Amino acid sequence: MLSGVSYVRELCEKNRIPISHAEKACGFSNGYLNPKKLSKIPYQKALDLLNFFSSQNIPADINAIMGISSAVCLTPKDERDISKDVENIMRKLSAGESGPASYNGRELDPEAAELFKDELEIALRRLKLINKQKYTPKKYKNRNI
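Residues numbered from 1 in each chain as written. Predicted model: local features only at pLDDT ≥ 70, side-chain atom pairs only at ≥ 80, totals over all residues. Heavy atoms only, no water.

A. Here's a closer look at helix 3 (residues 43-55). Its 13 residues place the ends of helix 3 18 Å apart at the C-alpha level, agreeing with the 18 Å of an ideal helix rising 1.5 Å per residue. Within helix 3 the residues assigned to the buried category are Ala-46, Leu-49, Leu-50, Phe-52 and Phe-53. On an axial view of helix 3, the arc spanned by its buried residues comes to 160°, and they lie on one face. Counted as exposed and oriented over 90 degrees from the buried face of helix 3: Asn-51 and Ser-55. Tucked into the core, helix 3 has its buried residues touching helix 1 (4-14), helix 2 (19-26) and helix 4 (62-66). Following helix 3 by one or two positions, Asn-57 adopts a phi angle in the positive range, close to 60°. (Helix = DSSP H or I, 4+ residues; strand = E, 2+ residues; numbered from the N terminus. Expected span 1.5 Å × (residues − 1). Buried < 20%, exposed > 50% of the residue type's maximum accessible area, 1.4 Å probe, protein only. Arc of directions from axis to C-beta. Contact = heavy atoms within 4.5 Å.)

This is the structure we're talking about:
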């Protein structure tokens with residue numbers, strides 16, 4: 001598996017985009033995407049790169065950009081846990097309870113609530129994948145999940 005930086009560099013080469021152009025478009029410093037300097041791409045910067053590639057009509061994988069193995073995947077139990085967490089947070093939000101998504105007990109606009117729900121689900125999925133890769137013992141990493 002390629003590291004995240006190598007994957008990004010390969011995408012740029014394949015699509016004839018200079019690395020410096022991708023760095024500049026994402027607001028990174030010149031030389032930021034150097035595999036000798038950068039071992040992992042942080043989540044927010046990976047999103048910036050994903051948005052850049054999307055704007056260029058280039059399909060890219062956020063997991064690959066972050067250097068997360070495609071062997072790590074979510075199980076049906078993980079999917080249920082994520083759905084339950086999202087629903088609990090959204091229920092608290094709509095009830096005006098203090099919680100991770102409330103703002104001074106104010107009611108949230110329905111469109112904003114739907115966008116928040118989508119972003120929350122994406123964030124929880126990413127977090128679950130990152131934690132699985134980070135905390136799974138090595139002896140289990142080569143097995144199919």
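There's plenty left to go through after this.
B. Expanded view of the environment of Tyr-32. When you line up the elements, Tyr-32 lands in the loop between helix 2 and helix 3. Along the chain, Tyr-32 and Ser-20 lie 12 residues apart, while their C-alpha atoms are 8.9 Å from each other. Excluding its chain neighbours within four sequence positions, the residues that come into contact with Tyr-32 are Glu-23, Leu-38, Pro-42 and Lys-45.

C. Molecular detail of the pattern of salt bridges. Going through the model one piece at a time under the given rule, you end up with 5 salt bridges. Of the charged contacts, one joins Lys-77 and Asp-81 as a salt bridge, the two residues approaching to 2.9 Å between their closest N and O atoms. Of this pair, Lys-77 and Asp-81 both sit in helix 5 (residues 76-95), 4 residues apart, which is roughly one turn of that helix. For Arg-125, the salt bridge goes to Glu-121, with nearest N and O atoms at 3.0 Å. Here the residue Arg-125 and the residue Glu-121 both occupy positions in helix 6 (residues 110-135), the gap between them amounting to 4 residues, near one helical turn. Taken together, the shared-partner salt bridges connect Glu-79, Glu-121 and Arg-125 into one network. (Salt bridge = Lys/Arg side-chain N within 4 Å of Asp/Glu carboxyl O.)

Function cannot be read off these values alone, since they describe shape.
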